[in-house]
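Understanding the architecture of this molecule
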Amino acid sequence: MFRRLRTDPPPSLTISVDGVPIAVRPGETVAAALLLAGQPAGRSTPVTGAARGPYCMMGVCFDCLVEIDGVGNRQACMIEAAEGMQVRRQGGARRIDPLS
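Let me begin by describing the structure that accompanies this report.

This paragraph deals with the side chain of threonine 29. With respect to the secondary-structure elements, threonine 29 resides in the loop between strand S2 (20-24) and helix H1 (30-36). Contact partners of threonine 29, with chain neighbours within four places excluded, come to Met57, Ala76, Cys77, Ile79, Glu80 and Ala81.

Below is the structure:
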């Protein structure tokens, strides 16, 4: 369903999504990488657990929220993929740790 329009240059970066390596091109967003890998769901809703993935691809809808390098609620469509980036899907509401 989602594919690159051009075949050059080949992917040269690797990010990890829930521990699975995904090859991406420089300049591609995390959301594009998820879609290209056939794994569009980045989170599930807190109430019903429904899968949510990139929708608007321009930072308006907040359906593409993921955890990136340990920071939750990042918009995958607005973050450019970088070598070694660790992406995790979010399940339900984000946990907020109380200050000690």
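Right, picking up where we left off after that structure.
By the definition in use, this model includes three salt bridges. Between aspartate 18 and arginine 89 there is a salt bridge whose closest N-O contact spans 2.8 Å. You can see aspartate 18 sitting in the loop between strand S1 (13-17) and S2 and its partner arginine 89 sitting in the loop between strand S7 (86-88) and strand S8 (90-91), a full 71 residues away along the chain. Taking the relative accessible area as the measure of exposure, arginine 89 reaches 30% and is therefore partly exposed. Linking arginine 43 and aspartate 63 is a salt bridge whose minimum nitrogen-to-oxygen distance equals 3.3 Å. With a gap of 20 residues between them, arginine 43 in strand S3 (residues 43-44) and aspartate 63 in the loop between strand S4 (51-52) and strand S5 (65-68) connect regions that are remote in the sequence. For arginine 43, a relative accessible area of 16% translates into the label buried. According to the relative accessible area criterion, aspartate 63 is buried, its value standing at 11%.

So, how was this worked out
Residues numbered from 1 in each chain as written. Predicted model: local features only at pLDDT ≥ 70, side-chain atom pairs only at ≥ 80, totals over all residues. Heavy atoms only, no water. Helix = DSSP H or I, 4+ residues; strand = E, 2+ residues; numbered from the N terminus. Contact = heavy atoms within 4.5 Å. Salt bridge = Lys/Arg side-chain N within 4 Å of Asp/Glu carboxyl O. Buried < 20%, exposed > 50% of the residue type's maximum accessible area, 1.4 Å probe, protein only.

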